Structures are given as structure tokens and as C-alpha cells.
Amino acid sequence: MDMKYTRMIRNKRWYLVVIMLLSIACASSGIPITSTPEDASSAIARQLIPILQELSKNKNITIAIIPFGGPKGRPTNFGKKMSAMLQLKLLSKSWTFVEREHVEKALNEQLLASSGAIKESDYIHAGTIIGADYIVSGTTFYGKNALLSVKIINVKTSAVEGIAQVYIAFKE
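These numbers come from a predicted model, not from an experiment.

Novice: I tried to follow the overall build of the protein chain on my own but got confused; where do I start?
Specialist: For the protein chain, the helix and strand inventory stands at 5 helices and 6 strands. Along the protein chain, from the amino end to the carboxyl end, the secondary structure elements read α-β-α-β-α-β-α-α-β-β-β. In the protein chain, which comprises 172 residues, the share counted as buried stands at 43%. Nonlocal contacts in the protein chain, meaning residues at least 24 apart in sequence, comprise 63% of its contacts between residues at least 6 apart. Carbon and sulfur atoms make up 56% of the accessible area of the protein chain, which totals about 10000 Å².

Dropping the structure here:
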């Protein structure tokens with residue numbers, strides 16, 4: 001048998017083992033597994049909607065969705081894409097959203113003021129400036145697969161009101 005072909009089979013077996021282990025870990029942790037960013041944004045929205053409904057039970061709330069960052073906090077292209085898709089999933093609901101341009105302008109001011117990693121307090125400060133009651137921020141851990149972790153943060157108290165997570169197992 002050709003050495004290249006043998007290596008390819010071994011790599012596919014390894015890939016299948018990793019996917020199976022990831023599936024078992026996610027099943028036991030309750031974190032949904034999807035295969036596309038679109039499905040991931042739907043899964044996150046399904047987790048966040050009940051939390052946002054509870055928060056808006058007695059009043060209309062204003063939400064700012066912050067472009068999701070990588071492990072160091074800075075927005076990434078993948079994170080921006082995921083936050084934009086999530087906003088589309090949540091738009092049909094009865095909440096008020098801060099325009100993305102206003103969010104990005106406030107964040108750019110925070111980026112200029114900070115050196116290095118962006119802290120959660122920077123996002124909260126930006127949320128206060130743009131008049132949001134809650135910010136939705138996320139962290140993406142991206143490679144061959146991805147983990148997306150999203151939080152709803154109360155701008156006034158800095159309390160985390162809810163968390164949603166999803167794994168994305170990209171197809172080769």
C-alpha cells in the first residue's frame with residue numbers, strides 16, 4: 001500500500017476519534033455541537049432568547065452586541081461574523097438593538113485607550129457610553145474546530161445574566 005495513502009487513512013481515523021471524543025464530551029456537558037457557523041448562531045440564539053425574555057419581562061431593554069473576540073479579547077474576523085449572525089437571529093424579537101456602527105465606534109475608542117488585551121470592563125464602559133442596558137459579548141476559540149462562548153452582561157451592575165455555548169465541528 002502507498003505510504004501517502006496509509007498516512008491519509010491514519011489521519012482520517014485520528015480525525016474520527018477526535019470528533020467522537022468531542023461529541024462525547026459535549027453530550028456530557030450539554031453544550032450543543034453544530035457543523036456550520038449559521039447553525040451555531042441559531043443554537044446560541046435558542047439559548048439566549050429565554051434569558052433575554054426574562055430580562056425584558058417588565059421593561060423594554062436595549063442590547064449592544066459586541067463583535068466577539070479571541071482568547072485575548074480583541075475582535076476577530078470569525079468573531080465579527082458570528083456576532084453579526086447572532087444579531088440577525090435576535091432581531092425579529094422585541095428588543096431594541098444599538099446600531100452596530102455605534103458599537104464599533106465606541107469600541108474603537110476603547111481600543112485606542114487600551115494597550116494589549118481588551119478587558120470585560122472596557123466592553124461594559126462602551127455599553128454605558130452607547131446607552132445599552134445589556135451587552136452580549138463572546139469569545140471564540142478557533143482552529144480546526146471552534147468553541148463559542150457568549151455572555152449577557154448587565155451594564156449597570158456588571159453581573160453576568162446568562163451564558164450560552166456551542167461547539168462547531170467543521171467538516172473537512
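Back to the text.
Novice: What's the story with unusual backbone geometry in this structure? I'm lost.
Specialist: Comment: phi is negative for the bulk of residues other than glycine, and the bulk of peptide bonds are trans. In this model, Ser158 sits at a positive phi of 65°, which is unusual for a non-glycine residue. Look at Ser158 and you get partly exposed, because its relative accessible area is 39%.

Novice: Even after reading the chapter, I still don't get the sheet that holds strand 2 (residues 62–65), so can you show me in this structure?
Specialist: Two modes of strand pairing occur in sheets, parallel and antiparallel, and in both the strands are linked by backbone hydrogen bonds. Overall, mixed pairing links the 6 strands, which are arranged 1-6-5-4-2-3 in an open sheet. Because the sheet does not close on itself, it has two edges, and the strands there are strand 1 (33–34) and strand 3 (96–97). Where strand 5 (residues 146–154) lies against strand 6 (residues 160–168), 8 bridges are found, and the strand directions are antiparallel. By the bridge assignment for strand 6, Val150 is matched with Ala164. The strands that helix 2 (residues 37–55) touches are strand 1, strand 2, strand 4 (134–142), strand 5 and strand 6; relative to strand 6, the one it contacts most, it runs at about 165°.

Novice: Mind showing me how you'd approach the environment of Ser35 here?
Specialist: Looking at the secondary structure, you find Ser35 in the loop between strand 1 and helix 2. In this structure the C-alpha to C-alpha distance between Ser35 and Ala146, which are 111 residues apart in sequence, comes to 9.7 Å. Once residues within four sequence positions are removed from consideration, Ser35 is found in contact with Ile168, Ala169, Phe170 and Lys171.

Novice: Help me understand the packing of helix 2 against helix 3 (residues 77–91) in this model?
Specialist: Relative placement of two packed helices is described by the angle separating their axes and the distance separating the axes. Where helix 2 meets helix 3, the axes come as close as 9 Å, and the angle between the chain directions of the two elements is 55°. Relative to helix 3, the element helix 2 is oriented oblique. Helix-helix and strand crossings are classified by hand; for helix 2 and helix 3 the assignment is right-handed. Where helix 2 approaches helix 3, its residues Pro37, Glu38, Ala40, Ser41, Ser42, Ile44, Ala45, Leu48, Ile49 and Leu52 are matched on the opposing element by Phe78, Lys81, Met82, Met85, Leu86, Lys89 and Leu90. Each residue belonging to the contact of helix 2 with helix 3 can be placed in one class, and the counts come to 12 nonpolar, 2 polar and 3 charged.

Novice: Explanation requested: the nonpolar core in the structure shown.
Specialist: Within soluble globular proteins, side chains that are nonpolar tend to cluster in buried spots. Leu48, Leu52, Leu86, Leu90 and Val136 are the most contacted members of the largest nonpolar core, which has 29 residues in total. Elements that contribute at least two residues to this core include exactly helix 2, strand 2, helix 3, strand 4, strand 5 and strand 6. Looking at this core element by element, the count peaks at 8 residues for helix 2. The contacts of Val136, once residues within four sequence positions are left out, are Leu48, Ile63, Ala64, Ile65, Ile66, Phe68, Leu86, Val150, Lys151 and Ile152.

Novice: It is not clear to me how the pattern of salt bridges should be interpreted in this structure. Could you clarify?
Specialist: Note that side chains of opposite charge can pair when their charged atoms are close. Taken as a whole and judged by the stated rule, the model has 4 salt bridges. The partner of Asp133 in a salt bridge is Lys59, with the nearest N and O atoms 3.9 Å apart. Remark: Lys59 occurs in the loop between helix 2 and strand 2 and Asp133 occurs in the loop between helix 5 (120–129) and strand 4; sequence separation between them is 74 residues. What makes Lys59 partly exposed here is its relative accessible area of 42%. Linking Lys156 and Asp133 is a salt bridge whose minimum nitrogen-to-oxygen distance equals 3.4 Å. Of this pair, Lys156 sits in the loop between strand 5 and strand 6 while Asp133 sits in the loop between helix 5 and strand 4, and the two are 23 residues apart along the sequence. By relative accessible area, which is 14% here, Asp133 ends up buried.

What counts and how
- Every chain's residues receive numbers from 1 upward, in the order its sequence appears when written.
- Totals for whole chains, interfaces and linings use every residue, but because this is a predicted model, local features are given only for residues with pLDDT of at least 70 and side-chain atom pairs only at 80 or more, for both listing and counting.
- Think of the side-chain values as coming from all heavy atoms in the structure, minus any hydrogens and water.
- A helix here means a DSSP run of H or I that spans at least four residues, while a strand means a run of E at least two residues long, and both kinds are numbered starting from the N terminus.
- Only protein chains enter the accessibility calculation, which uses a 1.4 Å probe; a residue is then buried when its area is under 20% of its type maximum, exposed when over 50%, and partly exposed in between.
- Whether two residues touch is decided by their heavy atoms; if any such pair falls within 4.5 Å, the residues are in contact.
- In short, Shrake-Rupley with a 1.4 Å probe defines the accessible areas, and a residue's cover is counted only from the protein chains shown.
- Strand pairing is defined by DSSP finding a minimum of two bridges between the two strands.
- With axes taken as lines fitted to C-alpha atoms, and helix axes fitted only over the stretch in contact, angles between N-to-C directions fall between 0 and 180 degrees.
- Roughly parallel here means an angle under 35 degrees, roughly antiparallel means over 145, roughly perpendicular means 65 to 115, and every remaining angle is called oblique.
- Should the near helix be turned counterclockwise from the far one by less than a right angle, the crossing is left-handed, whereas a clockwise turn marks it as right-handed.
- Only Asp, Glu, Lys and Arg are considered charged, only Ala, Val, Leu, Ile, Met, Phe, Trp, Tyr, Cys and Pro nonpolar, and every remaining residue, Gly among them, polar.
- To define a nonpolar core, start from buried Ala, Val, Leu, Ile, Met, Phe, Trp, Tyr and Cys residues and group those joined through side-chain atoms within 4.5 Å.
- The salt bridge definition used is simple: a Lys or Arg side-chain nitrogen within 4 Å of an Asp or Glu carboxyl oxygen.

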